[in-house]
Each structure stands twice: as structure tokens, then as C-alpha cells.
Amino acid sequence: MSNITSNFRMLMLLSLFIVGMTITGNKTIDISKVHGIDFSNIVKVDMKQVHCLATNIYHEARKEPLLGQYAVARVVMNRVKQGFANTPCKVVYQITKQKDTNNKVCQFSWVCENKPTPNKNHPDYVKALQVAYDVMAYDSHKDILPKSAVFFHALHVDPMWPYKKVKQIGNHIFYKK
């Protein structure tokens, strides 16, 4: 079997296994012992956290280029590393209150807009799930943005932030403090 065929087979098995884990609701994934294939380089991750990150990628960047989706995931992970919250789920669903008005402010607008949970079989969600898994399991695309990049917005929005622009990818502009 050629390397390409073997790699494709491993990727397809991994994808099917992740979908199976999603459907059954298992929280962790350990596929190091599947069908005699060496998955020793596969990392065990908390699937709840992967799903939170994937849901954020889906709502914030599903129509963005793949690099833009990785960048959105990197912002969440940068926030975890910088102490915004200690897990991707807590970062994604973090809500603060404005001091002067007591209005709630969500870190990601879709959270305050009460957008529904995406269909887990939708191709855009499956792609977001793969991006989230790559970032959480392998620290993938860690150099796409500086570790200081913790904010982004769409081009059509002008929040007049005091932050320093670091990069534009697709329809998003990324910032650091």
C-alpha cells in the first residue's frame, strides 16, 4: 500500500472514529489500539473541549479559508494560555458585565445571540471539528498568529479597539493587546 493510500486510510478511520465518539458522547478519545494501525502519535483530548472549540470555529469562521479557521482556534487557545479562562469551553462561553451599564458582554457574539448548536453532521461542522482537534491535540498552526493575538473581528465591524493589529486572514482582523 502506498504512503498516500495508507495515510488516507488512517485519516478516514480517524474521522470515522471521531464522528463515532461525537455520536456516542464520549468525552475522551484514545485510538491508539484501533484495527492494528499505529496511532501512537494520536493524542488523547477532552472531546467536550474539542466540541466547544469546534462550535466557536463553526459560528465565527465556517465560511472563512482553512487558515482563518485555524486562526480563530488559535485565538481561543491563546486566551487559555493567557489566563482568560482555563479551558476552551470557559473561554468560548465567558460572559462579563459592563461596569457602568451592567450589560452582559460575550467574548464571541454568537454566544449572546443564542445561536443554536450546529448540526454535528454538517460538513462545515465536521471541518471545524477537525481543525479544533488538530489544534488541541497537535498544537497545529501555532505560528499562524503570535501567541499575543487574543482578539479578532470581521472586516465589516469597526469596534474601535485600542489593540494592535497583527494580521488579516480572510474576512477577519486579528489583534494583540
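Above this text is the structure in question.
Residues numbered from 1 in each chain as written. Predicted model: local features only at pLDDT ≥ 70, side-chain atom pairs only at ≥ 80, totals over all residues. Heavy atoms only, no water.

Student: I keep staring at the overall build of the protein and nothing clicks. Help me out?
Tutor: Scanning the protein for helices and strands turns up six helices and five strands. Walking the protein from its N terminus toward its C terminus, one meets helices and strands in the order α-α-α-α-β-β-α-α-β-β-β. Evaluated residue by residue, the protein yields a buried proportion of 42% over its 177 residues. In the protein, once contacts between residues fewer than 6 apart in sequence are set aside, the share between residues at least 24 apart is 55%. As presented, the protein carries roughly 10200 Å² of accessible surface, and 54% of it is formed by carbon and sulfur atoms. (Helix = DSSP H or I, 4+ residues; strand = E, 2+ residues; numbered from the N terminus. Buried < 20%, exposed > 50% of the residue type's maximum accessible area, 1.4 Å probe, protein only. Contact = heavy atoms within 4.5 Å. Areas by Shrake-Rupley, 256 points an atom, 1.4 Å probe, with all protein chains shown as cover.)

Student: Whenever I open this one, the sheet that holds strand 4 (residues 164-169) confuses me. Can you help?
Tutor: Backbone hydrogen bonds are what pair the strands of a sheet, in a parallel or an antiparallel way. Pairing within the open sheet is antiparallel, and its three strands lie in the order 3-5-4. Two strands in the sheet have a free side with no partner beyond their single neighbour: strand 3 (149-154) and strand 4. With strand direction ignored, the average angle separating the axes of adjacent strands in the sheet is 30 degrees. Relative to the sheet, helix 3 (residues 66-81) contacts strand 3, strand 4 and strand 5 (172-176), its axis offset from that of strand 3 by approximately 135 degrees. (Pairing = 2+ DSSP bridges. Axes fitted to C-alpha atoms, helices over the stretch in contact; angles between N-to-C directions.)

Student: Please explain unusual backbone geometry as it appears in this structure.
Tutor: One can expect most non-glycine residues to show negative phi and most peptide bonds to be in trans. For H141, which is not a glycine, the phi torsion comes out positive at approximately 55 degrees. With respect to the helices and strands, H141 occurs in the loop between helix 6 (123-138) and strand 3. Positive phi values are uncommon outside glycine, yet M160 reaches one of about 55 degrees. Residue position: M160 is located in the loop between strand 3 and strand 4. Residue classification places M160 among the exposed positions, given a relative accessible area of 70%.

Student: Explanation requested: the environment of M136 in the structure shown.
Tutor: Its location among the elements puts M136 in helix 6. Its relative accessible area of 21% is what places M136 among the partly exposed residues. Each C-alpha atom, one on M136 and one on V43, is 8.9 Å from the other, the two residues being 93 residues apart in sequence. In this view, M136 contacts V45, Q49, V50, L53, M77 and P88; residues no more than four positions away in its chain are not counted.

Student: I'm lost on the packing of aromatic side chains in this one. Help?
Tutor: When we look at a pair of aromatic rings, we describe it by the centre distance and by the angle of the planes. Taken as a whole and assessed by the stated rule, the structure comprises 10 aromatic pairs. Summarising the aromatic geometry, the rings of F84 and F151 are spaced 6.1 Å apart at their centres and angled 70 degrees between planes, so their arrangement reads as edge-to-face. Here F84, found in the loop between helix 3 and helix 4 (88-92), pairs with F151, found in strand 3; they are 67 residues apart in sequence, far enough to count as distant. Of the residues examined, F151 reaches a relative accessible area of 9% and is grouped as buried. Ring geometry for F151 against W161: centres 5.7 Å apart, planes inclined by 55 degrees, an arrangement best described as tilted. Taken together, the residues span a long stretch of sequence, with F151 in strand 3 and W161 in the loop between strand 3 and strand 4 at a distance of 10 residues. For W161, a relative accessible area of 30% translates into the label partly exposed. Aromatic rings pair up to connect F84, F151, W161, Y163 and Y175 into one cluster. Between the NZ or CZ atom of R62 and the centre of the ring of Y58, over which it lies, the distance is 4.4 Å. (Phe/Tyr/Trp six-rings, centres within 6.5 Å; stacked < 30°, edge-to-face > 60°. Lys NZ or Arg CZ within 6 Å of the ring centre and 35° of its normal.)

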